[in-house]
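If you want the building blocks of each chain, they are given just below.
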Amino acid sequence: MAGIISVSRTNLAQRRQKLRRQRQMRIIQAIWRTFAITGFASGLLWVAVQPVWMLKTPKQIMMKSGNKSLSEQTTQSLLVLSYPQSLWRIEPSAIAKSLKKQPTIAQAIVRRRLFPPGLIIEIQERVPVAVTQTLGNKKVTIGLLDASGAWMPLEKYTSLNPTKKLPNLRVIGSPTQYCLYWTQLHQAVSQSPVKVMEIDCQNPTNLILKTEIGNVHLGVPGSQLAEQIKVLDQMRHLATKFNSGQIEYIDLKNPEFPLVQMNQKDHKPTPKIPKNI
């Protein structure tokens, strides 16, 4: 019995000693791990503060533009950056946000470039598709619209794109009068074989198109826009049947029953045009 007790005490002592060594090893490993992490972080910090990771000139910025209408020099003039500046102090998201505030820029992505040190800036520019004319407080405001309906001040656009040709399509009316259906309207008009020079949105109950075959009344804009433009395409032959000025307007408010209103001075009845013309 005494031998068994003695063996048990010996085993317990050996176990305690083994656990003590394991605990010491874990402490030593933790200390070494801490030293390694601290050394690695210090090394990264030392590398980061070296002069090589500095943005010294605009030449270190690579510009990528969606349609190349803005020159690289113009785009760089929109950047709020000082030189020299540590690459790590620059906030790409802040630069992208400031660029997207420009009315001529739809999207901007900014990334750091490590080798060689610099910045990569990708820009998607807004492409104007129409010149807008808005009358308010006895003052006419001229602007530009892109295909999505985003409005741009004309002065701002021309200052950044002095040699860029403006679109031929003109839109008259307040943006609040056409912004709800502009994308659909522009898509339908741009795909029409009949040339449209002007869109008059001043009357919310009657959208008027100025086309190569005369003025076209569409009524309240709605889901039938595409059908109305399709019927207008079918009426292109009117330009060969009537002289300029004979047609006062074409009524497509109901595309099922298009009408042609003749000028009263011609004393001619208003013809009804069947849909299957």
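To start, this report covers the structure provided alongside it. Predicted model only: the values in this text are computed from it and were never measured.

What follows concerns helix H3 (residues 92–100). When H3 is considered as a whole, its buried residues turn out to be Pro92, Ile95, Ala96 and Leu99. For H3, the angular spread of buried residues about the axis comes to 100°, placing them on one side. Summarising the geometry of H3, the exposed residues directed more than 90 degrees from the buried face are Ser93 and Lys97.

In this section: the sheet that holds strand S9 (residues 170–172). The sheet built from 9 strands is open, its strands ordered S8-S7-S6-S9-S10-S11-S12-S13-S14 with mixed pairing. Strands with a single pairing partner mark the edges of an open sheet, and in this sheet they are strand S8 (151–153) and strand S14 (259–262). Sheet twist, expressed as the average angle between the axes of neighbouring strands with direction ignored, equals 25°. Summarising the sheet, strand S12 (residues 214–219) and strand S13 (residues 247–251) pair through 2 bridges and their orientation is parallel. Residue pairing across strands places His217 opposite Asp251, the latter belonging to S13. Against the sheet, helix H5 (residues 182–190) touches strand S6 (128–136), strand S7 (139–146), S9, strand S10 (196–200) and strand S11 (207–211), its axis set at about 155° to S10.

Let us look at the pairing of strand S5 (residues 118–125). Summarising burial for S5: 6 of the 8 residues are buried, a large majority. Judged from the 5 bridges that link them, strand S2 (residues 61–65) and S5 form a sheet pairing that is parallel. Paired with Ile61 across the bridge in S5 is Leu119. Of the strand pairs in this sheet, strand S4 (residues 105–113) and S5 are connected by 8 bridges, and their pairing is antiparallel. By the bridge assignment for S5, Val110 is matched with Ile121. Following S4, the chain reverses through 4 residues before pairing antiparallel with S5.

Among the nonpolar cores identified, the biggest contains 30 residues, and Trp182, Leu185, Ile199, Leu207, Ile250 and Leu252 are the most heavily contacted of them. For this core, the secondary structure elements donating two or more residues are H5, S10, S11, S12, helix H6 (225–234), S13 and S14. In this structure, Leu185 is in contact with Ile199, Leu207 and Leu225, ignoring residues within four places of it in sequence. Counting 19 residues, the second largest nonpolar core, distinct from the first, contains Leu55, Ala108, Ile121 and Ile123.

With that settled, the discussion passes to unusual backbone geometry. Here the bond from Tyr83 into Pro84 is cis, since omega is -10°, no more than 30 degrees from zero. Here Pro84 is to be found in the loop between helix H2 (72–77) and strand S3 (85–86). Look at the link from Phe115 to Pro116: it is a cis peptide, with omega at -10°. In this structure, Pro116 sits in the loop between S4 and S5.

A cluster of nonpolar side chains, namely Met25, Ile27, Ile28, Ile31, Trp32 and Phe35, defines an oily patch on the protein surface of about 670 Å² accessible area. Tracing the chain through its elements places Ile27 in helix H1 (residues 2–48). The exposure class of Ile27 is partly exposed, given its relative accessible area of 49%.

What counts, and at which threshold
Each chain has its residues counted from 1, running along the sequence as written. Whole-chain, interface and lining totals are the exception, using all residues; otherwise, since this is a predicted model, local features are given only for residues with pLDDT of at least 70 and side-chain atom pairs are given and counted only at 80 or more. Computation of side-chain values covers all heavy atoms of the structure but excludes hydrogens and water. Partly exposed describes any residue whose relative accessible area lies between the buried limit of under 20% and the exposed limit of over 50%, with all areas from a 1.4 Å probe on protein chains only and scaled to the type maximum. Strands are runs of DSSP state E lasting at least two residues, helices are runs of H or I lasting at least four, and both sets are numbered from the N terminus onward. Starting at the helix axis, one direction is taken to each C-beta atom, and the arc is that of these directions. Two strands are counted as paired when DSSP detects at least two bridges linking them. Interaxial angles span 0 to 180 degrees and are taken between N-to-C directions of axes, which are lines fitted to C-alpha atoms, for helices over the stretch in contact. What makes two residues a contact is simply this: any of their non-hydrogen atoms within 4.5 Å. Here, nonpolar core means buried Ala, Val, Leu, Ile, Met, Phe, Trp, Tyr and Cys residues that are tied together by side-chain atoms lying within 4.5 Å of each other. Residues enter patches when their relative accessible area tops 30% and they take part in no salt bridge; the joining distance is 9 Å for like charges and 5 Å for the nonpolar side chains Val, Leu, Ile, Met, Phe, Trp and Tyr. For the accessible areas, the method is Shrake-Rupley and the probe is 1.4 Å, while residue cover comes only from the protein chains on display. Definition used for salt bridges: Asp or Glu carboxyl oxygen within 4 Å of a side-chain nitrogen of Lys or Arg.

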